[in-house]
Amino acid sequence: MDEFKACNLDYFPENILIDVLSYLSVRELVRAGRVCKKWKRLVKDQRLWRTVDLTAWKGVTSRILWVLLRQYLGCGLRCLRLRGLLLSARGGTFLSESWLKALSTKCPRLSKLYLLHADLRGLPNCQILPLTLRVLELRGCELPRGFFSQSLPISPAHPNDRAEATSSVGSSQQGRGQKRKGSVSPSGTCIERLVLNNVPSFTDQHLQSLTSWEKLSHLELRDTFRVTANGLRSCAAKDGVSGVEGISRLKFLEIGITGRQGYQLQMASLGLGAGWLGLEELSLGGKEVGPGLLCASRLRDLKRLCLWACTLSELQIVRSCRMLRGLRQLEFLDVIFQPRQSPPVEDEEGGGGEQQDGEEGASAGTDSLDDNMDVNDPFPSLRRSLAVLLPSCTLAFTNCSVQMNAD
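Residues numbered from 1 in each chain as written. Predicted model: local features only at pLDDT ≥ 70, side-chain atom pairs only at ≥ 80, totals over all residues. Heavy atoms only, no water.

Draft legend 1. Summary view of the overall build of the protein chain. Assigned secondary structure in the protein chain consists of 15 helices and 14 strands. The buried share among the 407 residues of the protein chain stands at 43%. (Helix = DSSP H or I, 4+ residues; strand = E, 2+ residues; numbered from the N terminus. Buried < 20%, exposed > 50% of the residue type's maximum accessible area, 1.4 Å probe, protein only.)

Below, the structure written as structure tokens:
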């Protein structure tokens, strides 16, 4: 027993201690680094700073960001999540150009950036973001008018990077940088996935600026109320005089309006009626499901369709899927299915209910017993109908329900 009483954390290997510290939040890690010199050295291990989430740390200011960047963040950082001061009563500048430039220099492997409630109107454009970013997610942020534009001059750090990339003699890291720069679009951004969630300042002008992003393949527009059908139509990939114009590399597109009421419904998904070359996956949600289903047949390369947070009827789905012969996966997420509406019939000798079931059975092509079980459950009949229309399509129902009649 005396031996166990003498044991302390110094008996554990450093790898074990790092695994234990990995369960702490960023704020707790900073506090743990003040215990002793050994813990301070362990806390600065880059294995603990691969994914940094500061959204739960309320009151993060620009001063705290500078302290974290100078003392803890480094080459191990892969994903960074920040909460801005847009909804804070304190206000003030949160992200500055100097901090973003320092982040690009000290964290060369940062690939994902998530910003929540951040005011970006003090930044000139997105070119000051790290060039290594592959994923950019903005939620509840405010954007300047030309944030996604690539027409402004490149920052002073970028010409040096290009000089290193074109150098014929250098280290292996410079060689990899040259290869990466060779694949960088002329706009200077390598972002492949852009997520916009509840960004009211995002307009058709911002969407038009994305046509210069040659690497963009995944775009999510949720509660972007100012995007119109004309704006989406003008950015769709289509054949032009000099080749494919618009957002030509886009493979996944999500459009959904499920937020606050009172906004004018733009029906931006109607812009898909002009077609979109190369678009393989489409996700529609909320008020954009109905207009989007009307135009989905114009997407000749569509392979996967996801419908979420909406109310649909079996007839509406079947009519829309008749023209989607190339569909390989159809997914329903948080969808409320309306019961099948049967035409009213007159009661004849007390057999009105059986006659109604018989008519439903005739419309579905099955016997009356199966339809009697499916009167208030459209899932089986919907599966049978889609199996005939789309024999090669896989169906998936997640958290779906059936709306029951008041009768």
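Structure shown, so let's carry the discussion forward.
Draft legend 2. Highlighting the side chain of Arg304. Within the secondary structure, Arg304 sits in strand β11 (residues 304–313). Overall, Arg304 belongs to the buried group, its relative accessible area being 19%. In this structure the side chain of Arg304 is engaged in a polar contact, spanning 2.7 Å, whose partner is the side chain of Glu331. Arg304 has contacts with Phe252, Glu280, Glu281, Leu282, Leu327, Gln329 and Glu331, leaving out every residue within four places of it along the chain. (Polar contact = N/O pair within 3.5 Å; in protein donor to acceptor, adjacent residues only side chain to side chain. Contact = heavy atoms within 4.5 Å.)

Draft legend 3. Main features of unusual backbone geometry. At Ala309, a position not held by glycine, the phi torsion is positive, near 55°. By the element assignment, Ala309 lies in strand β11. Since its relative accessible area comes to 33%, Ala309 is described here as partly exposed. One non-glycine residue with positive phi stands out, namely Asp334, at about 55°. Here Asp334 shows up in strand β12 (residues 329–338). With a relative accessible area of 36%, Asp334 lands in the partly exposed category.

Draft legend 4. Representation of the packing of helix α5 (residues 62–71) against helix α6 (residues 97–106) in the model. Packing of α5 against α6 leaves a shortest axis separation of 11 Å and a crossing angle of 20°. If you check the angle between α5 and α6, you find them roughly parallel. Between α5 and α6 the crossing geometry is left-handed. Residues Leu65, Trp66, Leu69, Arg70 and Gln71 of α5 form the contact with α6, whose own contacting residues are Ser98, Trp99, Ala102, Leu103 and Lys106. Here the contact of α5 with α6 is built from residues that sort into six nonpolar, two polar and two charged. (Axes fitted to C-alpha atoms, helices over the stretch in contact; angles between N-to-C directions. Parallel < 35°, antiparallel > 145°, perpendicular 65-115°, else oblique. Left-handed = near helix turned anticlockwise from the far one by under 90°. Nonpolar A, V, L, I, M, F, W, Y, C, P; charged D, E, K, R; others polar.)

Draft legend 5. Just a nonpolar patch on the surface, in detail. A cluster of nonpolar side chains, Leu9, Tyr11, Phe12, Ile16 and Val20, forms an exposed patch at the surface whose accessible area comes to about 500 Å². Residue placement: Ile16 occurs in helix α2 (residues 14–21). With a relative accessible area of 39%, Ile16 lands in the partly exposed category. (Patch = residues over 30% accessible without salt bridge, like charges linked within 9 Å, V, L, I, M, F, W, Y side chains within 5 Å. Areas by Shrake-Rupley, 256 points an atom, 1.4 Å probe, with all protein chains shown as cover. Salt bridge = Lys/Arg side-chain N within 4 Å of Asp/Glu carboxyl O.)

Draft legend 6. Geometry of the pattern of salt bridges. Overall, the coordinates contain nine salt bridges when judged by the stated rule. We note a salt bridge from Glu192 to Arg134, for which the minimum N-O separation is 4.0 Å. A residue pair is termed long-range when its members are at least 10 positions apart, and Glu192 in the loop between α8 (172–183) and β5 (193–197) and Arg134 in the loop between β3 (112–116) and β4 (135–139) qualify at 58 residues. Linking Arg304 and Glu281 is a salt bridge whose minimum nitrogen-to-oxygen distance equals 3.5 Å. Here Arg304, found in strand β11, pairs with Glu281, found in strand β10 (residues 281–286); they are 23 residues apart in sequence, far enough to count as distant. With relative accessibility at 29%, the residue Glu281 sits in the partly exposed group. Ionic contacts of the salt-bridge type, sharing partners, join the residues Glu281, Arg304 and Glu331 into one network.

Draft legend 7. How the structure looks around the packing of aromatic side chains. Under the counting rule described, the total for this entry stands at seven aromatic pairs. With centroids separated by 5.5 Å and ring planes inclined at 65°, the aromatic side chains of Phe332 and Phe337 adopt a geometry described as edge-to-face. Comparing Phe332 with Phe337, the two get one shared label, buried. Grouping aromatic residues by their ring pairs yields a cluster made of Phe147, Phe148, Phe202 and Trp213. One residue, Arg81, lies across the ring of Tyr114, its end atom 3.9 Å from the ring centre. (Phe/Tyr/Trp six-rings, centres within 6.5 Å; stacked < 30°, edge-to-face > 60°. Lys NZ or Arg CZ within 6 Å of the ring centre and 35° of its normal.)

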